[in-house]
Amino acid sequence: MAGQNVQSDWKESLKQPEVQESLRTLVERLPDLVESLEKVDEAVSFGRNVMNDKQTMEELKNRLEYTNVDLDTLEAGLKLLEKLPKLLELVEKLETAVEFIENVLKDQESLEYLQDSAKTYMEPVQKRVDDGVNFWKEVQAKAESNQQHISIFTVLKWMKDPNVQKGLSYVQAFIDTMPKSR
Amino acid sequence: MRENFKVVIVGGGTGGITTAARLLRGMKALAGDVAIIDPAEKHYYQPLWTLVGAGATKKESTERDMKDVIPEGAVWIKDAVKEFDPDKNQVKLASNKTISYEYLVVAAGIEINWDGVKGLKEAIGKGGVCSNYAYEYSGYTWETLRNFEGGNAVFTMPSTPIKCGGAPQKIMYLTDDYLRRTGIRDRANIIFGTAKPEIFDVPKYRTALEKVIDKKGIDTRFNHNLIEVRPDQKEAVFENLDTGEEVVVEYDMLHVTPPMRAPGFIRNSKLADESGWVNVHKFTLQHKEYENVFGLGDNTNLPTSKTGAAIRKQAPVLAENLMAAMKGEPMKATYDGYTSCPVVTGYNSLVLAEFDYEKEPKESLPFNQAVERRSTYILKKEFLPILYWDGMLKGIM
């Protein structure tokens, strides 16, 4: 009874226009489908042949053995794939920065502008350095040309110099403060 | 000469060049199919003109040949636009040639209306009347400042939209600083006659600038619109916008920010809104009526401050949306009204205002930019010009 019901359901389904339309399309596309199936079959056969070809498999195994590709590498590869969107973003930023720097380096007018600017900011620093160098040169020259004998009285005379006094007052302050800090 | 292009860009200023560079980077196939129409031989980096006027930068460093900034792959049509015919996808040139396009980008900038103030055109560039709003006059501002010996130094700001809304006050702060450095500040009255009701639109920066004005002892006259310059009597005539009265102020130095408007060929075209500006959607930058037309920069009706920094954020949005339109894809990029105004408050100090359509600060640096700083001054003077020439105009920043 149940078998008869199923059979009548099938017959009913076949009468429906959309089923008939589908069947018609299927028949029309059968050559394409067969062609595709043949290609899949060829691919499967190729895979099977490769697997059966002991020499090829042995060579492949050797190759894999002599590379550093192991499970860790594959895992790292997967993790890298996961990070690709973020990496792409970073690479794009880096690319922009590199291109910008390249543009600046090729642009003579920009380079001159930057050079002029740098000069403006460096001039006061340079002046201070030059002053310092000149000061020490002067000190050196005076020391070398000084024939005067330096006695205890000369040192005592130095003590009267306000700059020496100021320096010594710092020493005094340091000595006074040191025990308190401990 | 070719008469049709995939993309025609009207204007070889900041907006036009940046957009062309971005389109050509984003779609290599457009090479040779993007035309830029501009009659000018020179391209200027205008944000430095304030410093030129204050003697802090050489005028020549703000100027380059147009041919050197036209991106590779773009075709420069050295001509002026006379008329738009968006129904036929055509622009008519001053030389009477017609150029057809598939997509149009309008980036023609803003027009300075020297005739908008009676007597200004005749007075400008001599007798102590100067303006940083034109390359040819910015050098004269410095000459006037150098030779100023005391009296009234008057600075103005008009009622119309202008490019770089902070510039009228920047030169005023620099003048104050210069006069202090040269020891004659006590012999000068610095007067700011502005048609605006307050010093700055964004509350955070307004508070900071009000303190600067107090500190510098500047006499501010809000709702005062310059209507006439009388060079013979050395008088500037303002209209008090609250009372309608005329207020005459004598000057020894007068720095004028002239009224501005959309260029004539836009004002009188179908692309303009009722105020004369290119009528674009505030988020997508696509024209509200013509789907294949886009606009950016000073010539648009975008409700934000007209600055180069705004264009830096508009250009990528426009380029991305235009390329999406070409591919038949939905437009995804949106512009949030970002603009920036580096308000120079002295020879070594600057308040770096950055904000959006909502007048909400959108600061890029990790500190309070409403504080006057030397670091931001150096950024403006030394690094932003390089960023402009070698990053922005190349379509990469």
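Residues numbered from 1 in each chain as written. Chains lettered and ligands numbered in written order. Predicted model: local features only at pLDDT ≥ 70, side-chain atom pairs only at ≥ 80, totals over all residues. Heavy atoms only, no water.

Turning our eyes to something else, we now look at the overall build of chain B. Helices and strands together make up the secondary structure of chain B, namely 10 helices and 21 strands. A globule of 397 residues ought to have a C-alpha radius of gyration of about 21 Å, and chain B, at 21 Å, matches this closely. Once the C-alpha set of chain B is aligned to its principal axes, its extents read approximately 65 × 45 × 40 Å. Counting all 397 residues of chain B, 58% fall into the buried class. Long-range pairs, those at least 24 residues apart, make up 65% of the contacts in chain B with a sequence separation of at least 6. (Helix = DSSP H or I, 4+ residues; strand = E, 2+ residues; numbered from the N terminus. Rg over C-alpha atoms; globule rule 2.2 N^0.38 Å. Buried < 20%, exposed > 50% of the residue type's maximum accessible area, 1.4 Å probe, protein only. Contact = heavy atoms within 4.5 Å.)

Turning our eyes to something else, we now look at the overall build of chain A. Across its full length, chain A holds 7 helices and 0 strands. Its helices and strands in sequence order give chain A the pattern α-α-α-α-α-α-α, from N to C terminus. Taken over the C-alpha atoms alone, chain A extends approximately 135 × 45 × 45 Å along its principal axes. Residues classed as buried in chain A amount to 5% of the 182 residues present. Separation between the mean location of the 24 positive side-chain charges and that of the 34 negative ones in chain A comes to 12 Å. (Lys, Arg positive; Asp, Glu negative; His and termini not counted. Charge placed at Lys NZ, Arg CZ, Asp CG, Glu CD.)

So, about the interface of chain B and chain A. Residue-level contacts link 21 residues of chain B with 13 residues of chain A. Carbon and sulfur atoms supply 54% of the area buried between chain B and chain A, which totals about 1,400 Å² over both sides. Counting the contacts that link chain B with chain A gives 4 salt bridges. Linking E99 of chain A and R25 of chain B is a salt bridge whose minimum nitrogen-to-oxygen distance equals 2.6 Å. Where chain B packs against chain A, one counts 8 residue pairs in polar contact (both at pLDDT 80 or more). Of all the secondary structure elements, the ones that give two or more residues to the side of chain B that touches chain A are β4 (63-65) and α10 (374-392) of chain B. In terms of residues, the side of chain B that touches chain A owes the most to one element, α10 of chain B, which gives 11 residues. (Buried area = accessible area lost by both parts, 1.4 Å probe. Salt bridge = Lys/Arg side-chain N within 4 Å of Asp/Glu carboxyl O. Polar contact = N/O pair within 3.5 Å; in protein donor to acceptor, adjacent residues only side chain to side chain.)

This part is about the domain arrangement of chain B. Residues and elements named next belong to chain B. Domains assigned within chain B are domain 1 (4-110 + 262-331) and domain 2 (114-259). The straight-line distance from the C-alpha centre of domain 1 to that of domain 2 is 31 Å. Across the contact, 19 residues belong to domain 1 and 19 residues belong to domain 2. Regarding the contact of domain 1 and domain 2, the summed buried area is about 1,500 Å², with carbon and sulfur atoms giving 63% of it. If you sort the residues of domain 1 by the area they bury against domain 2, W49, T50 and K59 come out on top, with a joint share of 36%. Put simply, domain 1 and domain 2 have 0 salt bridges between them. Applying the counting rule to domain 1 against domain 2 returns 4 residue pairs in polar contact (both at pLDDT 80 or more). (Domains from an automatic or database assignment.)

Between its first and last C-alpha atoms helix α1 (residues 14-26) of chain B spans 18 Å; for 13 residues at 1.5 Å apiece the expected length is 18 Å, and the two agree. Of the positions making up α1 of chain B, those classed as buried are T14, G15, G16, I17, T18, T19, A20, A21, R22, L23 and L24 of chain B. (Expected span 1.5 Å × (residues − 1).)

All names here are of chain B. Relative to the helices and strands, V278 resides in the loop between α8 (264-267) and β19 (293-295). Through-space distance from the C-alpha of V278 to that of D87 is 15 Å; in sequence the pair is 191 residues apart. Apart from residues no more than four positions distant in its own chain, V278 is found in contact with V106, I266, L271, A272, H287, N299, T300 and N301.

This paragraph deals with the environment of L387 of chain B. On the secondary structure map, L387 of chain B appears in helix α10. Through-space distance from the C-alpha of L387 of chain B to that of T175 of chain B is 27 Å; in sequence the pair is 212 residues apart. Those residues in contact with L387 of chain B, other than ones at most four positions away along the chain, are F100 of chain A together with R312, M392 and M397 of chain B.

Looking now at the pattern of salt bridges. All names here are of chain A. For the coordinates displayed, the defined rule picks out 34 salt bridges over all chains. One salt bridge connects E12 with K15, and the closest N-O pair in it is separated by 3.6 Å. Placement of the pair is E12 and K15 together in helix α1 (residues 2-15), with a separation of 3 residues, close to one helical turn. On the accessibility criterion, E12 (48% relative accessible area) is partly exposed.

Turning our attention to the side chain of E235 of chain B. Position of E235 of chain B among the secondary structure elements: in strand β15 (residues 235-240). Each residue touching E235 of chain B, except ones within four places of it in the same chain, is listed here: E228, V229, R230, V248, V249, E250 and Y251 of chain B.

Residue and element names in this part refer to chain B. Core analysis: the largest hydrophobic core is formed by 131 residues, its most contacted members being V7, V8, V91, L104 and F200. The element contributing the most residues to this core is helix α9 (residues 308-327), with 9 residues. Summarising the domain contributions, this core has at least three residues from each of domain 1 (4-110 + 262-331) and domain 2 (114-259). Setting aside its immediate chain neighbours within four residues, L104 contacts V8, V10, F84, V91, L271, N292, V293 and F294. (Core = buried A, V, L, I, M, F, W, Y, C linked by side-chain atoms within 4.5 Å.)

On to the packing of helix α5 (residues 135-147) of chain B against helix α6 (residues 167-181) of chain B, then. Relative orientation and spacing of two packed helices are given, respectively, by the angle between their axes and the distance between those axes. All names here are of chain B. Where α5 meets α6, the axes come as close as 10 Å, and the angle between the chain directions of the two elements is 35°. The two elements α5 and α6 meet at a crossing, and its hand is right-handed. Residues T141, W142, L145 and R146 of α5 form the contact with α6, whose own contacting residues are I171, T175, Y178 and L179. Classifying every residue of the contact of α5 with α6 gives 5 nonpolar, 2 polar and 1 charged. (Axes fitted to C-alpha atoms, helices over the stretch in contact; angles between N-to-C directions. Left-handed = near helix turned anticlockwise from the far one by under 90°. Nonpolar A, V, L, I, M, F, W, Y, C, P; charged D, E, K, R; others polar.)

As a further point, take the packing of helix α4 (residues 71-106) of chain A against α10 of chain B. α10 of chain B packs onto α4 of chain A with a crossing angle of 105° between their chain directions and a minimal axis gap of 9 Å. By the angle between their axes, α4 of chain A is roughly perpendicular relative to α10 of chain B. Across from F100, N103 and V104 of chain A in α4 of chain A, the residues of α10 of chain B making contact are I386, L387, D390 and G391 of chain B. Residues that form the contact of α4 of chain A with α10 of chain B fall into these classes: 4 nonpolar, 2 polar and 1 charged. (Parallel < 35°, antiparallel > 145°, perpendicular 65-115°, else oblique.)

Turning next to the sheet that holds strand β12 (residues 188-194) of chain B. Residues and elements named next belong to chain B. Pairing is parallel across the open sheet formed by 5 strands, whose spatial order is β10-β17-β11-β12-β13. Among the strands making up the open sheet, the edge pair consists of β10 (129-130) and β13 (219-221). Where strand β11 (residues 151-157) meets β12, 7 bridges bridge the pair, whose relative direction is parallel. Note that in β12 the partner of M157 across the bridge is T194. Contacts from α6 reach β11, β12 and β17 (253-255), with the element oriented near 175° to β12. (Pairing = 2+ DSSP bridges.)

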